[in-house]
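Close look at the chain arrangement
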Amino acid sequence: MNRHSTKRIARTLAAAAVAGIAAASFASPASAGNSWSPRYVALGDSYVSGVGAGDYADDGTDCYRSANAYPQLAAEAMGARLSFDACSGARVEDVVAEQLGNLTWRTREVSIGVGGNDAGFSSVLAACAGTDTALCKTAITNAQAVITGSLPAELDDLYTQVEGRALFADVTVVGNPRLFSGTSCSATLAITPEEQGLLNETADLLAETTASVADEHGFAFADVRDAFAGHEICSADPWILGYTGNIESFHANAAGQAAYAEVVTPYLEDC
């Protein structure tokens, strides 16, 4: 039996014990059933909130939570009660400070997608969207240094806090796709095929680093890179927007979010 199976069994036994105690404290079976409705909490940054997919919530924030985002689609498919807390621009520290409040012992599933902003991907893309290849390569090197240097400890802290708040939840860490196909078009501005390759390598490094820390906590890792292959920027059927002149630049579109949902939904077993 592997570590993931052992951890799942332990959570199940603990949840069953708490369920018995909780059920006894409710006045009626109906109230107990309502309290035990499955709950799914989605944490993370703009790739989770659905920037690029349109139909954003008018909730008084700048989070750009889309009705087409994969947490919404996955929750609908599973019939899960969703706490959609992801927010555009979030770094790991923002998730820790602002997005953990809805995690409780009743939470059954958690998905987390964060780390790109910590590595400064927006700034890196800006540096590469010109004609100064040296500037682009320096920005990429700096981002890779963050991914291998400070990011693992920050993710470890976040994952530890999630475990502590959502004791009986299964947690899935969700990765990001590679953005580029290796070809140039107007949507890539002046990012050359060589620079695209380096940016894709950095996306791979982020995925591998995030997956490694997730594994240390016994969390699943939903890797979307293969699903997006052939649907990068400049492809015949892109699931990722290129440069749009606004916040949606270099984010998954509605079709991309639907592809995310296809990958992530099977991990939400307890919903």
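Just above, that's the structure.
Before going into details, it helps to say that this report is about the structure given with it. (Residues numbered from 1 in each chain as written. Predicted model: local features only at pLDDT ≥ 70, side-chain atom pairs only at ≥ 80, totals over all residues. Heavy atoms only, no water.)

**Observations regarding the side chain of His231**
Along the chain, His231 falls in the loop between helix 10 (225-228) and helix 11 (254-264). Looking at His231, the relative accessible area reads 16%, which means it is buried. Other than its neighbours up to four places away in sequence, His231 contacts Asp237, Pro238, Trp239 and Ile240. (Helix = DSSP H or I, 4+ residues; strand = E, 2+ residues; numbered from the N terminus. Buried < 20%, exposed > 50% of the residue type's maximum accessible area, 1.4 Å probe, protein only. Contact = heavy atoms within 4.5 Å.)

**Focus on the packing of aromatic side chains**
One pair of aromatic rings is described through two measures. These are the centre distance and the angle between the planes. Applying the stated rule across the entire model yields six aromatic pairs. Here the aromatic residues Tyr70, Phe228, Trp239 and Tyr260 are joined through ring pairs into a cluster of three or more. (Phe/Tyr/Trp six-rings, centres within 6.5 Å; stacked < 30°, edge-to-face > 60°.)

**Some points on the nonpolar core**
Counting residues in hydrophobic clusters, the biggest one holds 68 residues, and the most contacted among them are Leu43, Val110, Ile112, Leu158, Tyr159 and Val162. With sequence-adjacent residues up to four places away left out, Val110 is seen in contact with Tyr40, Val41, Leu43, Leu103, Val162, Ala166, Ala169, Asp170, Val171 and Thr172. (Core = buried A, V, L, I, M, F, W, Y, C linked by side-chain atoms within 4.5 Å.)

**Looking at the state of the cysteines**
Scanning the entire structure with this criterion turns up three disulfides. Cys63 shares a disulfide with Cys87; S-S distance 2.0 Å. Residues Cys63 and Cys87 share a disulfide whose torsion about the S-S bond is about -85°; that sign makes it left-handed. In this pair, Cys63 sits in the loop between helix 3 (46-49) and helix 4 (70-78) while Cys87 sits in the loop between strand 2 (81-84) and helix 5 (92-98), placing the two residues 24 residues apart along the sequence. Both residues of the pair, Cys63 and Cys87, count as buried. What links to what in the protein chain: the bonded cysteines, counted in sequence order, pair as 1-2, 3-4, 5-6. (Disulfide = S-S within 2.5 Å.)

**Quick notes on the environment of Asp94**
By the secondary structure assignment, Asp94 is in helix 5. What makes Asp94 partly exposed here is its relative accessible area of 21%. As a C-alpha pair, Asp94 and Asp45 span 49 residues in sequence and 9.2 Å in three-dimensional space. Asp94 has contacts with Gly89 and Gln99, leaving out every residue within four places of it along the chain. Reaching out from Asp94, the side chain makes a polar contact with the backbone nitrogen of Arg91 at a distance of 2.8 Å. (Polar contact = N/O pair within 3.5 Å; in protein donor to acceptor, adjacent residues only side chain to side chain.)

**Quick look at helix 4**
Of the positions making up helix 4, those classed as buried are Tyr70, Pro71, Ala74 and Ala75. Down the axis of helix 4, the buried side of the element spans an arc of 130°, and every buried residue falls inside it. The exposed set on the far side of helix 4, more than 90 degrees from its buried face, consists of Glu76 and Ala77. In the stretch just after helix 4, Gly79 is the one whose phi turns positive, near 65°. (Arc of directions from axis to C-beta.)

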